[in-house]
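Chain and residue survey
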Amino acid sequence: MNNKVTIYDIAKELNITAATVSRALNGNPNISEKTRNKVLAKANEMDYKQNKLALALKSGKSNYIGVIVPRINTNFFGSVIRGLEEELNAKGYSIIICQSHNDEKQEAKNIETLIDSHVDAIFISSSSKSSTALQKILDSKIPLIFFDRRKIMDNVSSVTIDDYAGGYLATKHLIDTGCKKIAHIVSGPIELEIFRERHRGYQQALADHNIDYRKEWVLKTNSSIEEGKRAVDILFSLPEKPDAIFSASDFVALGAIQELQARNIKVPDEVSVIGFANEPFTDFLELSITTVDQFPLEMGKTAARVYLTQGGNGEEDGNIQRKVVLEPKLILRKSTKNIQ
């Protein structure tokens, strides 16, 4: 038999009504335990698969959770998803993962797909500058939880890192090691809060240590190794070169280091480099990279717990809004100097 078996096929085999089969499969208390067991056994024997979409429409609950990330091929987002799965799978939920590729239109399509799939909630690290597509989630009465990248919206919970503190920690460490000409590679759209806050932390650390903010040393790029190389090309074509680079992305930091080494510029003796995210490769390189840890596994677990305690587990009112901010940690490695 195959997954096209219906309740009518089971009813025919057992010589009972399809309605009785349906009630038995759905745990109706009016069906005797003997009949329920016979139906379940026959359904298993015939490899019957319930139509989960139909069940979701009937019960209002699908036990599917939608997750939208910019891309899945990074340790950060992979670890967040793992954290979500560890908490949600234990409660009977399955996860549907979508990638936006940092594209607003693709993110909107992902949202439409998940709404049409009747997911019970949507977790998102948003790449959108607008809240229009996100509002559709709320209009559909589906809980929305932000992680990492968020928009400020009413009745929406979020779990983020303190990106301002991360930017400040990174820049202060460079200053404490004797760097005075510190460039910053934004590594993402400045319109997104996480990159704006990391940049703000950088600015404040400079101000607190009486170091001038130089616009020509602040570059806006995408998050890739090639962009890191390109950023070094630009910075080292300037009349005055930086003695340190703070990148808001580990991938850009890696590209910057590769280009500096190609130019025979010594890291960290001549130029220190620090990244952001604590991707695994930062620790495995011969020249390991100093970075800021965002604790993605804990972020995923915390986001799941927020959902479960505000309605996803039937424990509290779903309208409760929680804003959880995790503290970043500076991970010191070989790409920056030791504090004197």
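Residues numbered from 1 in each chain as written. Predicted model: local features only at pLDDT ≥ 70, side-chain atom pairs only at ≥ 80, totals over all residues. Heavy atoms only, no water.

1. Notes on helix 5 (residues 75–89)
Counted only if it meets this: A run of H or I in DSSP counts as a helix once it spans at least four residues, and a run of E counts as a strand once it spans at least two, with each numbered from the N terminus. Expected helix span is taken as 1.5 Å per residue step, with the number of steps being one fewer than the number of residues. Accessible area is worked out with a 1.4 Å probe on protein chains only. A residue is then buried under 20% of its type maximum, exposed over 50%, and partly exposed in between.
The first and last C-alpha atoms of helix 5 sit 20 Å apart over 15 residues, in line with the 21 Å expected at 1.5 Å per residue. Among the residues of helix 5, Phe76, Phe77, Ser79, Val80, Ile81, Gly83, Leu84, Glu87 and Leu88 are the ones counted as buried.

2. Section: the sheet that holds strand 7 (residues 218–219)
Which entries qualify depends on this criterion: The criterion for strand pairing is that DSSP finds at least two bridges linking the strands in question. Two residues qualify as a contact provided that any one of their heavy atoms is within 4.5 Å of a heavy atom in the partner residue. Lines are fitted to the C-alpha atoms to define the axes, a helix being fitted only along its stretch in contact, and any angle between axes, read from their N-to-C directions, falls within 0 to 180 degrees.
Taken together, four strands build an open sheet; the order of strands is 7-6-8-9 and the sheet is parallel. Only two strands of the sheet have a single partner each, and these edge strands are strand 7 and strand 9 (272–274). The sheet strands contacting helix 8 (residues 163–176) are strand 6 (182–185), strand 8 (244–247) and strand 9, and the helix crosses strand 8 at an angle near 170°.

3. Points about the packing of aromatic side chains
The test is simple: Centres within 6.5 Å are what make two rings of Phe, Tyr or Trp a pair, Trp counting through its six-membered ring; a difference in plane orientation under 30 degrees is then read as stacked, over 60 as edge-to-face, and the rest as tilted.
Across all of its chains, the model carries seven aromatic pairs by this definition. Ring geometry for Tyr93 and Tyr307: centres 5.8 Å apart, planes at 65°, overall edge-to-face. Placement of Tyr93 in the loop between helix 5 and strand 2 (94–99) and of Tyr307 in helix 13 (residues 296–312) is noted, with a sequence separation of 214 residues between them. Across the pair, Tyr307 and Tyr93 agree in class, each one buried. Between Phe246 and Phe276 the ring centres are 6.4 Å apart and the planes differ by 45°, which places this aromatic pair in the tilted class. On the criterion of sequence distance, the pair formed by Phe246 in strand 8 and Phe276 in the loop between strand 9 and helix 12 (281–284) is long-range, its members being 30 residues apart.

4. Section: the sheet that holds strand 11 (residues 323–326)
The strand order 2-1-3-4-5-11 describes an open sheet built from six strands, whose pairing is parallel. A single partner strand is all that each edge strand has here, and the edge strands are strand 2 and strand 11. Geometrically, the sheet is characterised by an average inter-axis angle of 15° between neighbouring strands, direction not taken into account. As judged from the three bridges shared by strand 4 (residues 144–147) and strand 5 (residues 157–161), these two strands associate in the parallel manner. Across the sheet, the residue bridging to Phe147 is Val159, located in strand 5.

5. Observations regarding helix 3 (residues 33–45)
For clarity, the cut-off: Directions drawn from the helix axis to the C-beta atoms are what define this arc.
With 13 residues, helix 3 extends 18 Å from end C-alpha to end C-alpha; this agrees with the ideal 18 Å at 1.5 Å per step. Turning to helix 3, its buried residues number three or more, namely Arg36, Val39, Lys42 and Ala43. Angularly, the buried residues of helix 3 cover 135° about the axis, an arc narrow enough to put them on a single face. What points out from helix 3, more than 90 degrees from its buried face, is the exposed set Glu33, Lys34, Asn44 and Glu45. Where helix 3 is buried, its residues touch helix 1 (7–14) and helix 2 (18–25). Immediately beyond the C-terminal end of helix 3, within one or two residues, lies Asp47, with a positive phi of roughly 55°.

6. Observations regarding the confidence of the model for the protein chain
Quick note on the threshold: A residue's pLDDT is the predictor's confidence in that residue, given on a scale from 0 to 100.
Residues of the protein chain with pLDDT of at least 70 account for 93%, and the chain-wide mean is 91. Taken together, the stretch residues 314–318 has pLDDT below 50 and engages in nine contacts with residues farther than four places along the chain or on a different chain.

7. Considerations on the environment of Gly78
With respect to the secondary-structure elements, Gly78 resides in helix 5. Since its relative accessible area comes to 29%, Gly78 is described here as partly exposed. The spacing of Gly78 and Pro296 is 218 residues in sequence and 8.4 Å in space, taken between C-alpha atoms.

8. Here's the deal with the environment of Tyr93
To be explicit about the condition: The term polar contact refers here to a pair of N or O atoms within 3.5 Å; inside protein, the definition further demands a hydrogen-donor-capable atom paired with an acceptor-capable atom, and it admits residues adjacent in sequence only when both atoms are side-chain atoms.
The class of Tyr93 is buried, set by a relative accessible area of 3%. On a C-alpha basis, the gap between Tyr93 and Val119 in space is 10.0 Å, while along the polypeptide they are 26 residues apart. Within the local environment of Tyr93, its side chain forms a polar contact with the side chain of Tyr307, the two groups lying 3.4 Å apart.

9. A word on the pairing of strand 4
Put simply, the test is: If you view a crossover with the strands going away from you and the path from the first strand over the helix to the second runs clockwise, you call it right-handed.
A two-sided burial pattern is seen for strand 4, the buried positions comprising Leu144 and Phe146 on one face and Ile145 and Phe147 on the other. Alignment of strand 3 (residues 121–124) against strand 4, held across three bridges, turns out to be parallel. Looking at strand 4, one finds that Phe123 is bridged to Ile145. As a crossover connection, the stretch from strand 3 through helix 7 (residues 132–139) into strand 4 is right-handed.

10. A few points about unusual backbone geometry
In this chain, Val267 is followed by Pro268 through a cis amide linkage whose omega measures 5°. Relative to the helices and strands, Pro268 resides in the loop between helix 11 (250–262) and strand 9. At Asn15, a position not held by glycine, the phi torsion is positive, near 60°. The topology assignment puts Asn15 in the loop between helix 1 and helix 2. Looking at Asn15, the relative accessible area reads 72%, which means it is exposed. Unusually for a residue other than glycine, Asp148 sits at a positive phi of about 65°. Along the polypeptide, Asp148 turns up in the loop between strand 4 and strand 5.

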